[in-house]
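# A look at the structure
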Amino acid sequence: MSFNSEAAGTLQISYTVSFPEAQAHYADIEMEIKGLAQPKLDLKLPVWTPGSYLVREFSKNVESFTASSGSKTVSVTKTRKNVWQLNTQGISSVKVKYRFYAFEISVRTAFVDVTHAFLSTSGMFFYPEGGLNLSSTIKIKPYKNWNKVSTSLEMVGTDPFTVKAPNYDILFDSPIEVGTQDVFGFTVGTTQYEVAMYGGGTYDKDRLKKDMAKIIEEEMAIFGENPNKRYVFIVHNYARGGGGLEHLSSTVLGASRNAYSTEAGYEGFLGLVAHEHFHLWNVKRLRPIALGPFDYDNEVYTSNLWIAEGFTAYYDNLTVRRTQLFPVEHYLGALAGDFNTIDNTPGTKVQPLSQSSFDAWIKGYRPDENSINTGISYYNKGAVVAMMMDLEIINATQGRQSLDDVMHYMYNEYYKVKKRGYTDAEFKAGVEKFAGKKMDDFYAKYINGVNAMDYNKYLAYAGYRAFDEYADMDLPDLGIRMLPVAPGRFKVSGVLRGTSAWVDGINVNDELVAIDGTPITDPKNLITGKQVGDKIQVAVIRDGLPLILPVTLLKNTSVKYSIQSRTDLTPQQIAVRKKWLKI
């Protein structure tokens, strides 16, 4: 243990956050530290936020960092990108002031304007080196008419604008919404739920209370308990919004404010609620062993995000289906969409699922024009792997057990009893315990290998089959994605591996001008009337220069699945189906 970490254990810390220039997207933060007894103090800012596996360099948003003790200026030296060192020789307390620029709309980054402040705490609050176990208080001075604070942090006394955190892991896992948000709540079991809606929208509060409660009850039934006394949904409604980020006792959701009034939009929102709420068990408590305690300075690697995120992506729509809020055909349609995503991604033949998890830091969160050819999402493929495991267990046990039992067992065994995360081998053993068989071949094919997914083997257990609507079509395809760059002008934004464009050298950023001398006016009809094997001349502009590319049209190998019921169901298939989809 370093000198700094020993000394940091005695410090008392408080923050004051104000917004004198909210219109310019600034939060002004004052950090007061008492109990100093060391000659130097390193203050650090995390470089990433748990749940979002990318080093985001939050310190780039810090400016005007100063320190003082009474009337005395305390010297500050920046020693690395996210560390400010204070000369604290001979002083017992210090006040640090800095400004934080917050103008990135997402569920994982801070945002401030005159309508509200979203404080993504992991990216905004400094902590003393070695002092992650320290408690702190945060006092918020609201801007103008702001009158509400929504956070899972506990209030200090009766002041809603002062909250406390028992340690920095909790602080960094507890975002804060400040403004005039629409707040409503409900109770499930002994847990109080708060929903804080920013940005307005077409939502029906009474309907949401009822439907969100059903989802929560369904998820609680899997794990046997809700470890939270209180839980907060912070929902940011924009013209177009999406995404979510899980926390220990809260979540932040991005939503489209007018989508609640459409069937697809409302079901999508419920799926998002189910996904992020499921995380309070899966990943926040039942977790891969690498994901906690956290190193906020560096990447944290695990090959199990396919469980942490993929299984959650499986359970989100499945949970909504089990509440009867999602018709069976809608659930099967969403599942078929995952099949399509996997099989229409050439990278699924290149990157194993476990490697996709490990490489989230450099691939998953840093996509480029070639990502579709080199990788696969641990969300989609992880969800389908979970489905396959679930159906394997249900079928093998004649409907007595399911993946639910695996999750319940692992939660109790590792989070509650062993009080640690699980290893790859331990989770595999948990699945095998309930499947009643070794899963070595399954892991070799679908998790550590790149074998094609045998959807129909597992769907057949429940009397379903996946049908590819494109299977018998013999149509050509260039294999490109395009974006408009100006009226009537289109640029290549992606080239799929193994397609006509890939083989014959059409490049990303090429501007397509004409095919066989016919100017391109509609990117949807580039090769209308052409046949597989036809040779065409593609005119492009590359780096400002004209170029003619001879291209031989290859067959379109993309898929479009639908999931259909078999007609001759056996009693066991009916039993499996009822257990799986709660019919």
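Residues numbered from 1 in each chain as written. Predicted model: local features only at pLDDT ≥ 70, side-chain atom pairs only at ≥ 80, totals over all residues. Heavy atoms only, no water.

### Notes on the sheet that holds strand S11 (residues 116-119)
Strand order in the open sheet made by the five strands is S9-S10-S11-S17-S14, with antiparallel pairing throughout. Each having just a single partner strand, strand S9 (103-106) and strand S14 (148-150) make up the two edges of the open sheet. Ignoring strand direction, the axes of neighbouring strands in this sheet form an average angle of 25°. Of the pairings in the sheet, the one linking S14 to strand S17 (residues 176-179) comprises three bridges and is antiparallel in character. Across the sheet, residue Lys148 finds its bridge partner in S17, namely Gly179. (Pairing = 2+ DSSP bridges. Helix = DSSP H or I, 4+ residues; strand = E, 2+ residues; numbered from the N terminus. Axes fitted to C-alpha atoms, helices over the stretch in contact; angles between N-to-C directions.)

### So, unusual backbone geometry
Along the chain, Gly292 connects to Pro293 via a cis peptide bond; the corresponding omega equals -10°. Position of Pro293 relative to the elements: it lies in the loop between helix H4 (263-278) and helix H5 (305-322). With a phi angle near 55°, Lys582 is a residue other than glycine that sits in the positive phi range. Mapped onto the elements of the fold, Lys582 is located in the segment after helix H15 (571-581). Lys582 sits in the partly exposed class, given a relative accessible area of 39%. (Buried < 20%, exposed > 50% of the residue type's maximum accessible area, 1.4 Å probe, protein only.)

### Notes on the pattern of salt bridges
Per the stated rule, a full pass over the model turns up 24 salt bridges. Notably, a salt bridge pairs Lys418 with Glu413, separated by 2.5 Å at the nearest N-O pair. By relative accessible area, Lys418 is classed as partly exposed at 36%. With relative accessibility at 22%, the residue Glu413 sits in the partly exposed group. As a salt-bridge pair, Glu432 and Lys428 come within 2.7 Å of each other at their nearest N and O atoms. (Salt bridge = Lys/Arg side-chain N within 4 Å of Asp/Glu carboxyl O.)

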